[in-house]
Amino acid sequence: MTMHIKNTISSRKSYLLAGAALLATVTAAQPTMAQMLMDEVIVTAQKRAQSAQDVGISITAFSRSQLEAMGYTNAQEVTAMAAGVSTLQPNGEANYSIGIRGVANNDFTTNVESPVAIYVDEVYISQMSGAGFMLFDVERVEILRGPQGTLFGRNATGGLVHYVTTKPGPEFGGYGSVTYGSFDRIKVQGAVNTPINDKLAVRTSFSTHQGGGYVTNRLQPDRDLNNANESAGRVQLLFSPNEEVDLLLNARFGEQDIRTGFFENVSSENPDGVLTPTIPNTTLNGFLDNDGDPFSGEFDSPGRNKLDTYGFSGTLNWDFGWAELTSITDFQSVERNYIEDSDASPVKFFNFFLTTDAEQYSQEIRLGGEQDNFKWVGGFFYMDLEVSDTNGAIAPGLMEAFFGPIDVIGFNGIRNPYVANTETWSLFGQVEYEVTDQMTLIGGFRYIDEDKDFFYRDVLFLFPDTSVNGLDPNAIEIGDALTPFTGERKDTNWSARVQANYQANEDLLIYASWNRGVKSGGFNAPLLPTDVFVTDEFITYDPEELDAFEVGFKWDFADGKARLNGSVYYYDYNNYQAFAIIGLDTFTLNADAENKGFELELQLNPVEGMDVQFGIAYIDADVTNVPGITIDVETPLGTVNAIRPGATVSPVQTPKWNLNGLIRHEFPVATGAIAIQVDGQYRDEHTFGLLETEALTEDGYFVGNASISYLPEDQNWSLRFFVKNFTDEEYLLQTFDLSGTLENGGIFGLTEQYFAPPRTWGANISFEF
């Protein structure tokens, strides 16, 4: 029973809100930019419409017009204006994930699923390497906070983000959009809707993004990094033989091939994550990058991210009258080849790589209906996920430092292939019973059966001196550094939901809920050949269980010109799956955790043509009983930065305070209208790992954006000029603490810092036909 927001067009007089008073003032002939934030929720399993303000779930949703007005063209950008929600890039451009209320995954190993689920048209996306897709021809985006599992899809402890694309319709038409901006980048997207007859329609959508990069490689200044070179397309066919049945077929692809893998090299000669930016790096032959420019460096081996995705799905809806049947069948594939210059220096020391070859098949069947004051839904979900990945490094400098001259030891790198197969099925259901006109009780349950097989090798390789590909066919396999690991696990879990909704009046809903969320256990894939890591203790981790308690309200007031939604929550975890970086290895470890906090989201239409949005979130999260990890056995790493036994730390990328705001003023001119918009987000101090060292800490920052749009009267086109990050804020998206030299028990003697893009500008022209 998937919920999604139906954004009804009102007028230019309100971009964020639509209520009875506002809808009554519709006068504009061209409703391009003036859409409300939320009007109706459609529960597709039951074919019923319901105001989002009457649904007791913390939801933030964006319409197509809002996404266009904010200039979002990537799936991960939508979190900026959602309180308590953040985008994570665990390893630069290689992976994306989303964190909600401190529930996040910073692991870039692709056999690890995120606790926040991502859906496109009700289809679950398991691979984080495929989650940074282009955003085009999208009808709306919905962000649901809190555990999900009793209504549809894959169970998730943190929440979900659902991207709903525009479907084929009965009329011929479409749109086009062209954007040109900084670094000679050009984005082109568009769609054509073609009705074949009164029962069949086709919609074809396409997007491409091309241009230069914003990072200068001083060793190869003509080949800038983090350039744009990506395209995506989608074809949808909708067959509606009658009013009761419709079948939607979807075929899609995405591809990216960019120069990336850049990091700012900050000297960190002392162990324990202490930055020493003025001290040359002895491990890297005295290299020191202290020019103060985070968007330039000296990379002897520029990185690359090559990503190819495709998928096919079929969605059947059949209304029997007493109930509606929904069937969603999907197949998707993700292939990725990523490599980076990890030492970010002119020294050929350590180039980390990741590859992905994943295939996912899923089937979901739901049946839902309603009788009088009773509403129900039940369903079945099945997924078969086959992942054949590798991680490793082309690391002549590191191997020589550890083991001796390359011509003596015979290898200069490692390649770790691993295969992870997941087969899972679930039965789920939820009922709603209206006790009175004001009180509704809700109960839901889900049973989960999940099997995982895992095979892992840690293999020494001799790569050619010129190799820039972790899967280089000319690399010579030397042999296993450790005994291969084989593991399997079978988890049976359950999740549940109990909730009460109280509709105090037509403008105020109060709700209280308890949710039990679960996420199955899994396997880590270590990088370095270290005996202590390739054991059951470190490779396997157990399922996490979450008891989530929440009280919230949704209130419309001021004659429909204002809306205030708020929620307070308490999360109690058992076997919390915490992310930790230990030396060069990443691990998911079981610990305990408690999260508590609140969110408030306010939308106003104070005067005609002006819209204001403000969001604030507070998160107080602690990870406790973290396993103590100190590597003092005989390993090449010696004693590295470690987590203190029983430590209490903060989850990764979880700022205590998160604020966002938007002001938009639209006013008439002689030939149409002008819209001026300013929006921004503030994130408090947060860390990128459980160690909480100086090297892993990002101070609070504010990022602001501004735009001005021209909307001609009685025309089908618009023009928009924009600046992103107008304060030119330099802030970190990710950082890795590789502090300390080999002599003092450290690693590279540096900290890798991955910065967000600098200030950029652009101009966009869009048209409809």
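For every chain, the first residue of its written sequence is number 1, and the numbers climb from 1 along that sequence. The predicted nature of this model means local features are confined to residues of pLDDT at least 70 and side-chain atom pairs, given and counted, to a pLDDT of 80 or more, with totals for whole chains, interfaces and linings taken over all residues. Working from all heavy atoms in the structure, the side-chain values ignore hydrogens and water.

**Overview of the overall build of the protein**
Rule in force here: To qualify as a helix, a DSSP run of H or I must reach at least 4 residues; to qualify as a strand, a run of E must reach at least 2; elements of each kind are numbered from the N terminus. Burial classes: relative accessible area under 20% of the type maximum marks a residue as buried, over 50% as exposed, and values in between as partly exposed (1.4 Å probe, protein chains only).
Looking only at helices and strands, the protein has 5 helices and 44 strands in total. When the 769 residues of the protein are sorted by exposure, 61% land in the buried category.

**Quick notes on the sheet that holds strand β7 (residues 116-120)**
Which entries qualify depends on this criterion: When DSSP locates at least two bridges between a pair of strands, those strands are taken to pair. Axis lines are fitted through C-alpha atoms, for helices just across the contact stretch, and the angle between N-to-C directions can take any value from 0 to 180 degrees.
Read from one edge to the other, the open sheet built from 5 strands follows the order β4-β9-β10-β7-β8, with strand pairing classed as mixed. Two strands close off the open sheet at either side, each with one partner strand: β4 (59-63) and β8 (123-125). Geometrically, the sheet is characterised by an average inter-axis angle of 20° between neighbouring strands, direction not taken into account.

**Details of the environment of Leu427**
Using the following cut-off: In this analysis, two residues are considered to be in contact whenever any of their non-hydrogen atoms come within 4.5 Å of each other.
Position of Leu427 among the secondary structure elements: in strand β23 (residues 413-434). For Leu427, a relative accessible area of 45% translates into the label partly exposed. Residues Leu427 and Arg446 lie 19 residues apart in sequence; the distance between their C-alpha atoms is 5.6 Å. Excluding anything up to four places from it in sequence, Leu427 contacts Gly379, Phe380, Phe445, Arg446 and Tyr447.

**Digging into the environment of Phe769**
Here Phe769 lies in the segment after β44 (760-768). Owing to a relative accessible area of 44%, Phe769 belongs among the partly exposed residues under this scheme. Put simply, Phe769 and Asn193 are 576 residues apart on the chain and 9.9 Å apart in space, counted from C-alpha to C-alpha. Each residue touching Phe769, except ones within four places of it in the same chain, is listed here: Phe172, Gly173, Gly174, Tyr175, Ala191, Val192 and Asn716.

**Observations concerning the confidence of the model for the protein**
Stated precisely, the cut-off is as follows: A residue's pLDDT is the predictor's confidence in that residue, given on a scale from 0 to 100.
Confidence in the prediction of the protein, expressed as mean pLDDT, is 87, and 89% of residues score 70 or more. Low pLDDT, under 50, characterises residues 1-48; the stretch is placed with 196 contacts to residues that sit more than four places away or in other chains. Ignoring residues within four places in sequence, the model shows residues 630-641, a span with pLDDT below 50, making 29 contacts including any to other chains.

**Looking at the pairing of strand β36 (residues 657-669)**
Judged from the 9 bridges that link them, strand β34 (residues 610-626) and β36 form a sheet pairing that is antiparallel. Bridge assignment links Val612 to a residue of β36, and that residue is Ile663. Here β36 pairs with strand β37 (residues 672-683) via 12 bridges, running antiparallel. In the sheet register, Val669 faces β37, and the bridge partner there is Gly672. Counting the residues that bridge the hairpin from β36 to β37 gives 2 residues.

**Let's talk about the sheet that holds strand β17 (residues 264-267)**
With respect to topology, 3 strands assemble into an open sheet ordered β17-β43-β42, the strand pairing being antiparallel. The open sheet is flanked by β17 and β42 (732-738), the only strands paired with a single partner. Here the strands of the sheet are splayed against their neighbours by 20° on average, with no regard to which way each runs. Pairing of β42 with strand β43 (residues 750-755) involves 6 bridges; the strand directions are antiparallel. Looking at β43, one finds that Gln734 is bridged to Tyr754.

**Observations regarding the side chain of Asn524**
Applied cut-off: Polar contact criterion, stated in full: a pair of N or O atoms within 3.5 Å, where within protein one must be able to donate a hydrogen and the other to accept it, and residues adjacent in sequence count only if both atoms are side-chain atoms.
By the element assignment, Asn524 lies in the loop between β29 (522-523) and α5 (536-539). Of the residues examined, Asn524 reaches a relative accessible area of 1% and is grouped as buried. At 2.7 Å, the side chain of Asn524 forms a polar contact with the backbone oxygen of Phe538. Discounting residues that sit within four places of it in the chain, Asn524 has contacts with Asp107, Phe454, Phe538, Ile539, Tyr541, Thr586, Phe587 and Thr588.

**Details of the packing of aromatic side chains**
Applied cut-off: Each Phe, Tyr or Trp ring (for Trp, its six-membered ring) is paired with any other whose centre lies within 6.5 Å, and the angle between the two planes then decides the class: stacked below 30 degrees, edge-to-face above 60, tilted in between. Lysine NZ or arginine CZ positioned within 6 Å of the ring centre and within 35 degrees of the ring normal marks a charge as sitting over the ring.
Scanning the entire structure with this criterion turns up 39 aromatic pairs. On the numbers, 6.4 Å between centres and 25° between planes, the contact of Phe549 with Tyr570 is stacked. In this pair, Phe549 is assigned in strand β31 (residues 544-557) and Tyr570 in strand β32 (residues 562-582), connecting sequence segments 21 residues apart. Phe549 gets classed as partly exposed once you look at its relative accessible area, which sits at 38%. Between Tyr569 and Tyr571 the ring centres are 5.1 Å apart and the planes differ by 45°, which places this aromatic pair in the tilted class. Note on Tyr571: relative accessible area 0%, which makes it buried. Each residue in the set Tyr418, Phe454, Tyr456, Phe485 and Phe523 is aromatic and connected to the rest through ring pairs, giving one cluster. The ring of Phe136 carries the charged tip of Arg234 above its face, separated from the ring centre by 4.5 Å.

**Observations concerning a negative patch on the surface**
Condition: To count toward a patch, a residue needs a relative accessible area over 30% and no salt bridge; like charges are then connected within 9 Å, while nonpolar side chains (Val, Leu, Ile, Met, Phe, Trp, Tyr) are connected within 5 Å. Accessible surface area values rest on a Shrake-Rupley calculation with a 1.4 Å probe, where residue burial reflects the displayed protein chains alone. Salt bridges, as used here, are contacts in which a Lys or Arg side-chain nitrogen is within 4 Å of a carboxyl oxygen on Asp or Glu. As used throughout, the charge tally considers Lys and Arg to be positive and Asp and Glu to be negative, leaving His and the chain termini uncounted. For charged residues, the charge sits on one atom: NZ in Lys, CZ in Arg, CG in Asp, CD in Glu.
Among the surface-exposed residues, Glu335, Asp357, Glu359 and Glu386 lie close enough to one another that they form a single negatively charged patch. Along the polypeptide, Glu359 turns up in strand β21 (residues 351-371).

**A short note on a nonpolar patch on the surface**
Taken together, the side chains of Phe172, Val178, Tyr180, Ile186, Val188, Val192, Trp717, Trp761, Ile765, Phe767 and Phe769 present a nonpolar region at the surface, about 970 Å² in accessible area. In this fold, Ile186 is placed in strand β12 (residues 185-195).

**With respect to the nonpolar core**
As a reminder of what qualifies: What makes a nonpolar core is a set of buried Ala, Val, Leu, Ile, Met, Phe, Trp, Tyr and Cys residues whose side-chain atoms join them at distances within 4.5 Å.
Ranked by internal contacts, the top residues of the largest apolar core, which has 46 residues, are Phe350, Leu584 and Phe748. Of all the elements, β42 adds the most residues to this core, at 4 residues. Leave out the neighbours within four places in its chain, and Phe350 touches Glu340, Asp341, Ser342, Asp343, Ala393, Ile394, Ala395, Leu398, Leu527, Leu584 and Phe748. Counting 28 residues, the second largest nonpolar core, distinct from the first, contains Tyr119, Met383, Phe428 and Ile539.

**Let's talk about the pairing of strand β6 (residues 97-100)**
Across the two faces of β6 the burial is the same, with Ser97 and Gly99 and Ile98 and Ile100 all buried. Sheet topology note: the strand β5 (residues 85-88)/β6 ladder contains 4 bridges and is antiparallel. Looking across to β6, one finds that Val85 is bridged to Ile100.

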